[in-house]
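Reading the structure
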Number of protein chains: 2
Amino acid sequence: MDAPFRGNLLAPPAATGSEEVVQTIDQSSHTRIERIVSNGQCSPPGFWYDQDEHEWVTVIAGQAKIRFDDHGDESIIHLRPGDHLTIEAHRRHRVEWTDTEEPTIWIAVFYDNRPDKI
Amino acid sequence: MDAPFRGNLLAPPAATGSEEVVQTIDQSSHTRIERIVSNGQCSPPGFWYDQDEHEWVTVIAGQAKIRFDDHGDESIIHLRPGDHLTIEAHRRHRVEWTDTEEPTIWIAVFYDNRPDKI
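The text that follows walks through the structure, step by step, so that each part is easy to find.

Reading the values: rules and limits
- Residues numbered from 1 in each chain as written.
- Chains lettered and ligands numbered in written order.
- Predicted model: local features only at pLDDT ≥ 70, side-chain atom pairs only at ≥ 80, totals over all residues.
- Heavy atoms only, no water.
- Helix = DSSP H or I, 4+ residues; strand = E, 2+ residues; numbered from the N terminus.
- Contact = heavy atoms within 4.5 Å.
- Areas by Shrake-Rupley, 256 points an atom, 1.4 Å probe, with all protein chains shown as cover.
- Buried < 20%, exposed > 50% of the residue type's maximum accessible area, 1.4 Å probe, protein only.
- Phe/Tyr/Trp six-rings, centres within 6.5 Å; stacked < 30°, edge-to-face > 60°.
- Lys NZ or Arg CZ within 6 Å of the ring centre and 35° of its normal.
- Pairing = 2+ DSSP bridges.
- Axes fitted to C-alpha atoms, helices over the stretch in contact; angles between N-to-C directions.
- Core = buried A, V, L, I, M, F, W, Y, C linked by side-chain atoms within 4.5 Å.
- Salt bridge = Lys/Arg side-chain N within 4 Å of Asp/Glu carboxyl O.

Description of the overall build of chain A
Looking only at helices and strands, chain A has 0 helices and 9 strands in total. Reading the secondary structure of chain A in the N-to-C direction produces β-β-β-β-β-β-β-β-β. Long-range contacts, defined as pairs at least 24 residues apart, comprise 66% of the intrachain contacts of chain A with a sequence gap of at least 6. A total of about 6,000 Å² of accessible surface is found on chain A, and carbon and sulfur atoms cover 49% of it.

Encoded structure:
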């Protein structure tokens with residue numbers, strides 16, 4: 001059987017320049033694991049994510065700010081390496097800012113909460 | 001609504017000394033996300049994990065070695081920060097070694113592959 005080693009999350013994607021890169025690392029019926037590498041990208045003006053799935057997200061390099069569609073400045077969360085949070089399905093949010101000095105590397109796990117239908 | 005910030009994966013768990021700490025960060029019907037902090041622990045002699053779920057795992061601090069029940073030395077994978085791999089359900093494996101100099105911090109996502117039963 002081949003060695004199962006799959007690579008390093010911190011290694012920059014090859015030849016991508018300054019684009020944002022989204023890679024699906026693993027996925028199954030109810031779960032999707034992504035690595036996202038941002039290079040200063042943020043969500044377009046006025047854009048809000050409104051997802052059917054829950055999302056658990058962490059930043060392992062760089063920095064980012066996520067804004068929630070709540071009230072006031074306190075709804076911006078500044079994520080530094082190791083910071084993590086869960087964004088429940090349909091909680092509106094956007095990426096307000098990512099680091100422009102170095103790549104920001106995210107791990108995001110999308111999962112749903114549907115019970116088994118028996 | 002409360003701020004959704006959940007903490008920092010790299011921050012050592014409070015007052016745990018040198019025990020191994022397993023924390024469930026998030027879970028749903030088909031998905032479980034764990035943070036594991038090892039301090040030199042490894043699997044007991046002769047012990048093999050044989051899991052019903054797939055596991056995606058990464059090390060974000062420290063180092064670890066996972067042995068697979070395959071053939072030869074090449075079945076040991078040395079994980080350094082950012083290294084990640086997927087361990088398919090029922091692929092027998094064990095934690096052969098974790099760093100004794102600093103805590104090893106793992107993120108593990110367990111997920112199943114059962115289709116919806118409609």
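Overview of the side chain of Ser43(B)
Residues and elements named next belong to chain B. By secondary structure assignment, the location of Ser43 is in the loop between strand S3 (31-38) and strand S4 (54-61). Here Ser43 falls in the buried class, since its relative accessible area comes to 5%. Contacts of Ser43, omitting those with residues within four sequence positions, involve Tyr49, Arg94 and Val95.

A word on the packing of aromatic side chains
Residues and elements named next belong to chain A. Scanning the entire structure with this criterion turns up 2 aromatic pairs over all chains. Plain terms: the ring middles of Phe47 and Tyr49 are 4.9 Å apart, the flat faces sit at 90° to each other, and that makes the pair edge-to-face. The partly exposed category is assigned to Phe47, whose relative accessible area is 35%. On the basis of relative accessibility, which here comes to 32%, the residue Tyr49 falls in the partly exposed class. In this structure, Arg91 is placed above the aromatic ring of Phe68, and the distance from its NZ or CZ to the ring centre is 4.2 Å. If you follow Arg94 out to its NZ or CZ, it ends over the ring of Trp48, 5.9 Å from the centre.

Thoughts on the sheet that holds strand S5 (residues 64-68) of chain A
Residues and elements named next belong to chain A. Across the sheet, 3 strands lie side by side as S6-S5-S8; this open sheet has antiparallel pairing. Of all strands in the sheet, those bounded by a partner on one side alone are strand S6 (76-79) and strand S8 (93-98). Taken over all neighbouring pairs, the strand axes of this sheet differ in orientation by 25° on average, direction set aside. Both S5 and S8 contribute to a ladder of 5 bridges, which runs antiparallel. What sits directly across from Lys65, in S8, is Trp97.

Considerations on the sheet that holds strand S5 (residues 64-68) of chain B
Working definition: the strands of a sheet are paired by backbone hydrogen bonds and lie parallel or antiparallel to each other. Residues and elements named next belong to chain B. Strand order in the open sheet formed by 3 strands is S6-S5-S8, with antiparallel pairing between adjacent strands. Of all the strands in the sheet, the pair left with one neighbour each is strand S6 (76-79) and strand S8 (93-98). With direction set aside, neighbouring strand axes in the sheet form an average angle of 25°. The pairing of S5 with S6 spans 4 bridges and is classified as antiparallel.

Structural notes on the nonpolar core
Judged by nonpolar contacts, the single largest core of 24 residues is most densely connected at Ile33(A), Trp56(A), Ile33(B) and Trp56(B). Secondary structure elements with two or more residues in this core: strand S2 (21-27), strand S3 (31-38), strand S4 (54-61) and strand S9 (104-111) of chain A together with strand S2 (21-27), S3, S4 and strand S9 (104-111) of chain B. Beyond its immediate stretch of four places on either side in the chain, Trp56(B) contacts Leu9(A), Ile25(A), Asp26(A), Ile33(A), Ile107(A), His84(B), Leu85(B), Thr86(B), Ile107(B), Ala108(B), Val109(B) and Tyr111(B).

Looking at the pattern of salt bridges
All names here are of chain A. Counted by the stated rule, this structure contains 10 salt bridges over all chains. Two residues, Arg32 and Glu53, come together in a salt bridge whose shortest N-O distance is 3.3 Å. Of this pair, Arg32 sits in strand S3 while Glu53 sits in the loop between S3 and S4; the two residues are 21 residues apart in sequence, bridging distant segments of the chain. Among the residues examined, Glu53 registers a relative accessible area of 25% and is labelled partly exposed.

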